[in-house]
Every structure is written in C-alpha cells, then in structure tokens.
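What the coordinates show
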Amino acid sequence: MRLFTPPDADACLALFDGNVPHFFGTHERADFAAYLQQPGRQMDYLVIERHGRVVACGGWAMDDARTAAFCWGMVERALHRQGLGSELAQARLQQACARGAHRVVLSTSQHTRDFYAALGFGVTRVVADGHGPGLDAVEMVLEMGTR
C-alpha cells in the first residue's frame, strides 16, 4: 500500500468503471475524476498494488478536528472478497486516528453496508436512491473508542 500519485488517476478511474453500476452510478465518475485531481490526494488517498498494477484505492479527509470521513473507496471487481477492502479500510482508520480522529463517517450503499458493519460502523441514516437509482445512500459512523 502506498500514497496516491497523479499517474495513478487512470487506474483508479478504471477501478471505478469496473464497479459501475452495482457500486457506483455512472453520473458519479466526473466527481471522482475531479476529486483525484485535487492536490491533497497525495496525502490522504491510498492505493494498493498487486503485480505492478493498482487494484484498490480509497481515501479519507478530516471533516473537523475530531471527525474523519472515508472517501471513494473501491476494489477491482474481480478481486472483491479477498481482503483488499479490509486492508484498505484498516489503513485509512489508522491514518485518521493518527491525525486525531475520534470518529469516522461514511456514505455507502446497501451493497457494502454489511462490509462496513463488520468493521464496527453503525447505520445513522438511509436515503432510498440517495446515490442514484437503485443505490441507496447508507450513512454510517464508527466511534473510534468502540473498536
């Protein structure tokens, strides 16, 4: 695992494309591409490589002095359920904790709700079709003291 660099953007966008439409809506691609172009990504966005290619990526950002938010986490579709998502989530939690976060929030879908619940996140709100048609917005939180 390493920090994102600008040349990783195409590989990260390919991961995104491979997870549409089940995990992301096509309409979200432009937002993700813009996110990757922001200078801060080289400090708060991570990639996992296997055999010289990016197979997972995800970031986090401090919302305030005590709360971090997970941003744009994804794993190559063919490699789901092989531990890469857990590895990525644990690394992001460690980084957020090191920066002083006491809680982590995220917005995911019904398709990854159970994955994050297994990590200790609890659901705070569900918005039907909140990420697009067929993709509910499932807002979750993890209080770091409960881990």
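Keep in mind that what you see is a predicted model, and the values were worked out from it rather than measured.

Digging into the overall build of the chain
Helix and strand counts for the chain come out as five helices and seven strands. Mapped from its N terminus to its C terminus, the chain presents α and β elements in the order β-α-α-α-β-β-β-α-β-α-β-β. Over its C-alpha trace the chain gives a radius of gyration of 14 Å, about what one expects of a compact globule, namely 15 Å for 147 residues. In the chain, which comprises 147 residues, the share counted as buried stands at 44%. Restricting the contact set of the chain to residue pairs at least 6 apart, pairs at least 24 apart contribute 61%. Accessible surface, the chain: about 7600 Å² in total, of which carbon and sulfur atoms supply 52%. For the chain, the distance from the average position of its 14 positive side-chain charges to the average position of its 16 negative side-chain charges is 5 Å.

Some remarks on the confidence of the model for the chain
Taken over all residues, the pLDDT of the chain has a mean of 95, while the share at 70 or more is 98%. Per-residue pLDDT, averaged within each element of the chain, yields its smallest value for helix H3 (residues 41-44) (90) and its largest for helix H1 (residues 9-18) (98).

Observations regarding the side chain of Asn 19
Examined against the element boundaries, Asn 19 turns out to sit in the loop between H1 and helix H2 (29-37). Given the relative accessible area of 1%, Asn 19 is considered buried. One polar contact links the side chain of Asn 19 to the main-chain carbonyl oxygen of Leu 15, over a distance of 2.9 Å. A distance of 2.9 Å separates the side chain of Asn 19 from the backbone oxygen of Val 75, its partner in a polar contact.

Overview of unusual backbone geometry
Going from Val 20 to Pro 21, the amide bond is cis rather than trans, its omega being 5°. Structurally, Pro 21 is set in the loop between H1 and H2. A positive phi angle is found at Arg 81, which is not glycine, with a value near 65°. If you trace the backbone, Arg 81 turns up in the loop between strand E4 (67-75) and helix H4 (84-98). Here Arg 81 falls in the exposed class, since its relative accessible area comes to 87%.

Cut-offs and rules
- Along each chain, residue indices are assigned from 1 in the same order as the chain's sequence is written.
- Given that the model is predicted, a residue must reach a pLDDT of at least 70 before its local features are reported, and side-chain atom pairs must reach 80 or more before they are shown or counted; all residues, however, enter totals for whole chains, interfaces and linings.
- For side-chain calculations, the full set of non-hydrogen atoms in the structure is used, while hydrogens and water are omitted.
- Think of it this way: any DSSP run of H or I at least four residues long counts as a helix, any run of E at least two long counts as a strand, and we number them from the N terminus.
- A radius of gyration in this sense is built from C-alpha atoms; the matching globule rule multiplies 2.2 Å by the number of residues raised to 0.38.
- Buried, partly exposed and exposed residues are distinguished by accessible area as a fraction of the type maximum, computed with a 1.4 Å probe on protein chains only: under 20%, between the cut-offs, and over 50%, respectively.
- By definition, residues are in contact when any of their heavy atoms lie within 4.5 Å.
- Surface exposure here means Shrake-Rupley accessible area, sampled with a 1.4 Å probe, where a residue is shielded only by the protein chains that are shown.
- Think of it this way: Lys and Arg go in the positive column, Asp and Glu in the negative one, and His and the chain ends go nowhere.
- Positions of charges follow a simple convention, taking NZ of Lys, CZ of Arg, CG of Asp or CD of Glu.
- A residue's pLDDT is simply how confident the predictor is in it, with values from 0 to 100.
- Each polar contact in these results corresponds to two N or O atoms within 3.5 Å; when the atoms are within protein, one needs to be able to donate a hydrogen and the other to accept it, and residues that are neighboring in sequence are counted only if both atoms are side-chain atoms.

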